[in-house]
Amino acid sequence: MEFNKEKWKEKLEERLLEKFSVSLKDASPFEVYKALGETVMSFIAKDWYETKQEYSKTKQAFYLSSEFLMGRALGNNLINLGIDKEIQEFLKELGIDYNQIEDEEEDAALGNGGLGRLAACFMDSLATLNLPGQGYSIRYRNGIFNQYLRDGYQVEKPETWLKYEDVWSVMRPEDEVVVNFGYTSVRALPYDMPIIGYGTKNVNTLRLWEAHSIVDLDLGVFNQQDYLHATQDKTLAEDISRVLYPNDSTDEGKKLRLRQQYFFVSASLQDIIKKFKKVHGREFSKIPEFISIQLNDTHPVIAIPELMRILVDVEGVLWEDAWEIVKKTFSYTNHTILAEALEKWWVGLYQEVVPRIFQITEGIHNQFKNELANLYPNDVNKQNRMQIIQGNMIHMAWLAIYGSHKVNGVAELHTEILKEHELRDWYELYPDKFLNKTNGITQRRWLLKSNPQLASYITELIGDAWIKDLSELKKLEQFIDDKKVLSKIWDIKIEKKKELVEYLRETQGIDINPNSIFDVQVKRLHEYKRQLLNIFQVYDLYQQLKQNPNMDFVPTTYIYGAKAAPGYKVAKGIIRLINDIAQIINGDDEIKDRLKVVFVENYRVTVAEKIFPAADISEQISTAGKEASGTGNMKFMLNGAITLGTLDGANVEIAKEAGEENEYIFGMRVKDIEELRKKGYDPRFPYNNVTGLKQVVDALIDGRLSDLGSGIYREIHSLLMERGDQYFVLEDFEDYRRKQREINRDYKDKISWAKKMLKNIANAGKFSSDRTILEYANEIWNIKETKIK
Ligand code: AZC
């Protein structure tokens with residue numbers, strides 16, 4: 001976008017006056033933020049409108065996701081419009097600090113973790129690539145909770161991003177629809193957010209539905225002074241979009257959750273079909289030619305029976321014809337092999353919440369049951385395993401696979417495991433449905449925005465084409481022996497570490513040595529991600545430094561950031577354990593500055609933008625086979641951190657791209673785990689035989705550490721020692737510790753370390769979400785670039 005300073009100033013002043021009756025020089029940072037946001041909205045309005053017009057004529061992909069973890073929009077929008085520097089400069093001239101303005105924005109945190117953030121990166125790539133794609137979800141009034149620490153334990157407080165309204169949302173009452181549940185109906189009111197592509201006029205849309213009651217107040221009741229009763233209906237309806245379920249990779253199975261899912265899915269499909277009819281009339285057989293719908297995990301899978309309902313009940317299409325349309329329209333992404341995350345709904349509940357949808361689901365189930373009986377007449381077990389309704393449970397993943405034309409995993413290893421194990425029956429039945437789509441991240445937010453120093457240095461070296469084509473980074477390899485370049489990327493890393501140090505001093509009052517190694521693990525807290533392995537190693541290291549004060553050792557700071565699902569006791573215990581150990585180590589004067597442990601409170605997108613650029617080591621240490629892909633691992637790599645990881649998820653591909661010699665790979669592989677399981681794993685073996693391990697594990701129960709009486713340390717101890725150490729923490733400990741020592745030695749050689757950094761950056765090209773999205777567009781959705789002039 002062309003930047004005209006006078007015009008911006010005029011608009012901004014006008015907004016401030018109209019909205020707050022304040023002049024630019026007296027406006028508060030909040031007022032400037034609001035007015036600036038609205039000014040951006042006014043400048044993109046026309047392009048947004050034209051994008052919608054153009055897209056309506058062509059095939060579109062709709063991304064149905066219960067989560068979009070967007071983070072802040074202002075900075076990203078200005079960058080994508082290509083006016084970020086100009087705005088910063090212009091505000092500076094007016095005596096306004098841009099950073100202060102940016103900090104007025106709350107994160108739009110409508111997601112839990114990887115799955116939600118992936119959806120957000122996909123939105124950015126779709127718009128940047130001029131692809132006709134739109135997101136649909138729920139406008140949760142409260143996103144993921146804010147995390148605070150009290151005595152080292154997590155406490156949750158509601159997140160309130162809409163408290164002062166959101167400048168990036170436009171209400172569209174003309175597109176409101178009604179969603180019918182068994183017992184009641186609610187209004188679904190859409191709000192659109194613009195998704196501004198980088199260096200293009202295209203502005204895509206993320207549509208979020210808000211729930212409202214049909215009758216806001218029951219006047220009859222209200223007149224009898226029974227106010228609570230009168231507002232009951234309103235509250236019940238509004239509950240639907242009130243709060244995001246704070247679970248990552250586990251399935252809650254609650255009624256409200258099912259209502260949320262059906263609510264946004266039904267509203268979205270009604271919307272999609274209404275728009276289709278406007279252009280194509282009643283030629284429903286053309287739906288797959290113009291519409292592709294991606295189901296992001298099992299959460300929106302109820303869309304399959306819902307489209308059947310719309311076609312059969314509302315539009316009068318024959319069941320058989322409708323089913324053909326459905327199968328060609330949907331595709332499904334699986335994000336996990338953890339059994340507890342594959343959603344299953346209890347028949348009774350499903351029937352109560354969406355009775356008509358239950359009948360249709362049963363119809364689909366019966367149809368498939370007959371197919372199975374014909375396919376496998378001699379294998380009743382297999383028939384039973386594959387049924388959509390089994391006993392009194394509805395298997396949403398099975399419904400998804402049966403009703404989709406494509407099914408994908410999110411990294412090569414993950415897709416292979418699905419095909420060989422979890423979804424083996426299905427892969428045998430439908431080999432052509434299965435494909436892999438390795439995840440990616442947008443380099444606009446995760447390098448250009450979060451690390452402007454490294455971004456502009458890269459541009460200085462190889463030009464700026466990488467911003468739209470990340471494979472360009474490969475050109476950096478020509479500098480692998482260039483000492484000047486190597487020392488510059490080292491210096492940039494130090495600069496970013498200093499910025500993080502400053503931030504953590506301000507927000508948490510901690511002092512960190514910027515010359516120490518920053519070893520970082522940021523992600524949701526889950527046993528399979530093994531934050532426990534990490535902190536065990538730290539505790540062991542602490543003992544060694546105490547016993548051997550002259551040990552040759554580069555000072556190291558271990559940084560953690562993680563939210564635990566509020567009901568996940570063990571995860572919360574691990575947070576307490578990290579903070580407990582942090583307090584001991586950080587408070588030990590003999591250790592000062594050699595070893596430090598920091599738990600960053602309330603880890604979220606905005607904090608992540610400060611952490612990734614400052615990391616030296618990227619901890620990706622999940623039990624092999626458990627992490628479907630990971631995407632944080634890609635953000636670290638792009639910013640020159642070296643992976644310390646197991647061969648799990650996308651780590652496998654990261655190591656392959658950068659060369660295994662440029663990462664620190666350790667621990668059991670998937671096949672080692674299979675073998676050990678067969679043989680029988682006894683955690684007492686490493687416990688008794690690995691030097692130092694026993695004293696680390698026993699610290700949980702011998703009084704050296706304290707869970708303040710909650711009993712959770714004993715529980716963790718028992719999970720390891722008596723209940724089989726499911727995630728092989730003890731088994732992998734020794735190899736992990738060995739790699740940690742190697743890192744500490746290698747870090748001293750600055751040039752060879754910087755070479756590793758450069759190798760990682762140069763080979764991060766594959767992990768752009770642009771590459772991922774192009775694969776989806778070409779191999780699943782069949783959508784084409786539609787550029788606005
Ligand atoms: C995550 C996976 O755990 C992670 O490995 C993957 O990178 C990410 O999806 C994106 O594909 N799964 C979730 O976040 N799941 C939920 C329900 O939050």
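Residues numbered from 1 in each chain as written. Predicted model: local features only at pLDDT ≥ 70, side-chain atom pairs only at ≥ 80, totals over all residues. Heavy atoms only, no water.

(A) Representation of the overall build of the protein in the model. Within the protein, the regular secondary structure consists of 33 helices and 23 strands. What you see for the protein is a C-alpha radius of gyration of 27 Å, in line with the 28 Å of a compact globule of 789 residues. By principal-axis analysis of the C-alpha atoms, the protein measures approximately 80 × 75 × 65 Å. When the 789 residues of the protein are sorted by exposure, 62% land in the buried category. Expressed as a percentage of contacts within the protein between residues at least 6 apart in sequence, the contacts between residues at least 24 apart total 77%. One way to put it: in the protein the 106 positive side-chain charges average out to a point 1 Å from where the 121 negative ones average out. (Helix = DSSP H or I, 4+ residues; strand = E, 2+ residues; numbered from the N terminus. Rg over C-alpha atoms; globule rule 2.2 N^0.38 Å. Buried < 20%, exposed > 50% of the residue type's maximum accessible area, 1.4 Å probe, protein only. Contact = heavy atoms within 4.5 Å. Lys, Arg positive; Asp, Glu negative; His and termini not counted. Charge placed at Lys NZ, Arg CZ, Asp CG, Glu CD.)

(B) The arrangement of the packing of helix H22 (residues 531–547) against helix H23 (residues 569–586) in detail. Here H22 crosses H23 at 20°, and the two axes come no closer than 10 Å. Judged by the angle between their axes, H22 and H23 are roughly parallel. As for the relative orientation of H22 and H23, their crossing is left-handed in sense. From H22, Gln531, Leu532, Ile535, Phe536, Val538, Tyr539 and Tyr542 reach across to H23, where they touch Ile574, Leu577, Ile578, Ile581, Ile584 and Ile585. Among the residues making up the contact of H22 with H23, the classes are represented as 12 nonpolar, 1 polar and no charged. (Axes fitted to C-alpha atoms, helices over the stretch in contact; angles between N-to-C directions. Parallel < 35°, antiparallel > 145°, perpendicular 65-115°, else oblique. Left-handed = near helix turned anticlockwise from the far one by under 90°. Nonpolar A, V, L, I, M, F, W, Y, C, P; charged D, E, K, R; others polar.)

(C) Layout of the sheet that holds strand E13 (residues 344–346). Taken together, 3 strands build an open sheet; the order of strands is E13-E15-E14 and the sheet is antiparallel. The two strands at the open ends of the sheet, each matched to only one other strand, are E13 and strand E14 (389–390). Here E14 pairs with strand E15 (residues 393–395) via 2 bridges, running antiparallel. Bridging across to E15, Gln390 finds its partner in Met393. (Pairing = 2+ DSSP bridges.)

(D) Representation of the environment of Gln583. Its location among the elements puts Gln583 in helix H23. Take Gln583: its relative accessible area is 59%, and that puts it in the exposed class. Linking Gln583 and Leu307, residues 276 residues apart in sequence, is a C-alpha distance of 55 Å.

(E) Examining the pattern of salt bridges more closely. Within the structure shown, the criterion is met by 68 salt bridges. Between Arg444 and Asp770 there is a salt bridge, with its nearest N and O atoms 2.7 Å apart. Taken together, the residues Arg444 in helix H19 (residues 443–449) and Asp770 in helix H33 (residues 769–781) connect sequence positions 326 residues apart. One salt bridge in this structure joins Lys496 and Glu499, with 2.9 Å as the shortest N-O distance. Placement of the pair is Lys496 and Glu499 together in helix H21 (residues 483–508), with a separation of 3 residues, close to one helical turn. What you see here is one network of salt bridges that share partners, running through Arg172, Asp175, Asp192, Arg207, Asp271 and Lys275. (Salt bridge = Lys/Arg side-chain N within 4 Å of Asp/Glu carboxyl O.)

(F) Layout of the sheet that holds strand E22 (residues 642–645). With respect to topology, 6 strands assemble into an open sheet ordered E20-E19-E18-E21-E22-E23, the strand pairing being parallel. Each having just a single partner strand, strand E20 (595–600) and strand E23 (664–665) make up the two edges of the open sheet.

(G) Representation of the site of the ligand in the model. The environment of the ligand is formed by 15 residues, the closest being Leu115, His335, Asn439, Glu627 and Gly630. Leu115 places a main-chain nitrogen or oxygen 3.0 Å from an oxygen atom of the ligand. Between the ligand and His335, the relevant distance is 2.6 Å, taken from an oxygen atom to a side-chain nitrogen or oxygen of the residue. Broken down by class, the residue content of the shell around the ligand amounts to 5 nonpolar, 8 polar and 2 charged. (Near = heavy atom within 4 Å. Polar contact = N/O pair within 3.5 Å; in protein donor to acceptor, adjacent residues only side chain to side chain.)

(H) Focus on the pairing of strand E2 (residues 68–71). Neither face of E2 is open: one carries Phe68 and Met70, the other Leu69 and Gly71, and all of them are buried. Summarising the sheet, E2 and strand E3 (residues 108–110) pair through 3 bridges and their orientation is antiparallel. By the bridge assignment for E3, Leu69 is matched with Ala109.

(I) Examining the packing of aromatic side chains more closely. With the rule as written, the count across this model stands at 29 aromatic pairs. Centre to centre, the rings of Tyr350 and Phe358 are 6.2 Å apart; their planes meet at 75°, and the pair counts as edge-to-face. By relative accessible area, which is 6% here, Phe358 ends up buried. Sitting over the face of the ring of Trp48, Arg172 holds its NZ or CZ atom 5.4 Å from the ring centroid. Its end group placed over the ring of Phe145, Lys563 keeps NZ or CZ at 5.5 Å from the ring centre. (Phe/Tyr/Trp six-rings, centres within 6.5 Å; stacked < 30°, edge-to-face > 60°. Lys NZ or Arg CZ within 6 Å of the ring centre and 35° of its normal.)

(J) Representation of helix H1 (residues 5–20) in the model. With 16 residues, H1 should reach 22 Å at 1.5 Å per residue; the first-to-last C-alpha distance of 22 Å fits that figure. Looking at H1, one finds that the buried residues are Trp8, Leu12 and Leu16. The arc enclosing the buried residues of H1, seen along the axis, measures out at 65°, which places them on a common side. The exposed residues of H1 that point more than 90 degrees off its buried face are Glu6, Glu10, Leu17 and Glu18. On its buried face, H1 is in contact with helix H2 (29–55) and helix H4 (84–93). (Expected span 1.5 Å × (residues − 1). Arc of directions from axis to C-beta.)

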